[in-house]
Amino acid sequence: MKQKICPRCGSEDIVWIIPQNWSMWSCNNCKYTGAVLEADQKTQDEIKENWPLHKDEILSKENEKKSSEDSDDDLDNLSEEELERKLEELSL
């Protein structure tokens, strides 16, 4: 039988956080937020087995992605003068 699980750690301890958005779930085990998997027991066991082995690598990649997105957000907050200067530095 398939059950809803966290795609990151394989936990069933997940909650639906936004009723208006069916794909937003949160895992109480690893703090993942996003879509969940409907998986059989074998798949769940594989994810649970692999999560501790690759946890640091996965979290590191997610943090890098988040900090990259945050730096892109910083560009949205620039004044006209700051934006002009940045564009000149890039020769655009």
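Note that the structure is a prediction, hence the values are computed from the model and not measured.

Enquirer: Got a minute to help me understand the overall build of the protein in this structure?
Expert: Regarding its fold elements, the protein presents 2 helices and 5 strands. Listed by position from the N terminus, the elements making up the protein come as β-β-β-β-β-α-α. Computed over the C-alpha atoms, the radius of gyration of the protein is 19 Å, more than 25% above the 12 Å expected from 2.2 N^0.38 for a compact globule of 92 residues. For the protein, the spread of C-alpha atoms along the principal axes amounts to about 60 × 35 × 20 Å. Taken across its 92 residues, the protein has 22% of its residues classed as buried. The long-range share in the protein, meaning contacts at least 24 apart out of those at least 6 apart in sequence, stands at 44%.

Enquirer: So what exactly am I meant to see when it comes to the side chain of Ser 26 here?
Expert: Mapped onto the elements of the fold, Ser 26 is located in strand 3 (residues 25-27). The class of Ser 26 is buried, set by a relative accessible area of 17%. Those residues within four positions of Ser 26 in sequence are excluded, and the remaining contacts are Asp 13, Ile 14, Val 15, Ile 17, Tyr 32 and Thr 33.

Enquirer: Looking at this model, I keep getting lost on the sheet that holds strand 2 (residues 14-16). Mind explaining?
Expert: In sheet architecture, strand pairing relies on hydrogen bonds along the backbone and comes in two forms, parallel and antiparallel. Taken in spatial order, the 3 strands of this open sheet run 2-3-4, and their pairing is antiparallel. Where the open sheet ends on each side, the last strands, each with one partner, are strand 2 and strand 4 (33-34). Both strand 2 and strand 3 contribute to a ladder of 3 bridges, which runs antiparallel. Paired with Val 15 across the bridge in strand 3 is Ser 26.

Enquirer: Could you clarify how one ought to interpret the nonpolar core in this entry?
Expert: The nonpolar side chains of soluble globular proteins are, as a tendency, buried together. Ranked by size, the top nonpolar core spans 9 residues in total: Cys 6, Cys 9, Ile 14, Trp 25, Cys 27, Cys 30, Tyr 32, Val 36 and Trp 51. Residue contacts for Cys 9: discarding those within four places in its chain leaves Cys 27, Asn 29, Cys 30, Ile 47, Lys 48 and Trp 51.

Enquirer: Any chance you could explain the state of the cysteines here in plain terms?
Expert: Such a bond, covalent and formed between the sulfur atoms of two cysteines, is termed a disulfide. One pass over the structure, following the stated rule, counts 0 disulfides. Cys 30 supplies the cysteine sulfur nearest to Cys 6, a cysteine that is in no disulfide, at a spacing of 3.6 Å. Summary of cysteine pairing: Cys 27 is not part of a disulfide, and the nearest cysteine sulfur, belonging to Cys 9, is at 3.6 Å.

Enquirer: Can you walk me through the packing of aromatic side chains in this structure?
Expert: Here the distance between the centres and the angle between the planes together describe a pair of aromatic rings. Within the structure shown, the criterion is met by 1 aromatic pair. When the ring of Trp 16 is compared with that of Trp 25, the centres are 6.1 Å apart and the planes differ by 20°; the resulting orientation is stacked. You can call Trp 16 partly exposed: its relative accessible area is 45%. On the basis of relative accessibility, which here comes to 15%, the residue Trp 25 falls in the buried class.

Enquirer: Explanation requested: the environment of Ile 58 in the structure shown.
Expert: Of note, Ile 58 is situated in helix 1 (residues 41-76). Assessed through its relative accessible area of 28%, Ile 58 is described here as partly exposed. Along the backbone, Ile 58 and Ser 68 are 10 residues apart, and their C-alpha atoms lie at a distance of 16 Å. Among residues more than four places away in sequence, those in contact with Ile 58 are Arg 8 and Trp 51.

Conventions we followed
- Residues numbered from 1 in each chain as written.
- Predicted model: local features only at pLDDT ≥ 70, side-chain atom pairs only at ≥ 80, totals over all residues.
- Heavy atoms only, no water.
- Helix = DSSP H or I, 4+ residues; strand = E, 2+ residues; numbered from the N terminus.
- Rg over C-alpha atoms; globule rule 2.2 N^0.38 Å.
- Buried < 20%, exposed > 50% of the residue type's maximum accessible area, 1.4 Å probe, protein only.
- Contact = heavy atoms within 4.5 Å.
- Pairing = 2+ DSSP bridges.
- Core = buried A, V, L, I, M, F, W, Y, C linked by side-chain atoms within 4.5 Å.
- Disulfide = S-S within 2.5 Å.
- Phe/Tyr/Trp six-rings, centres within 6.5 Å; stacked < 30°, edge-to-face > 60°.

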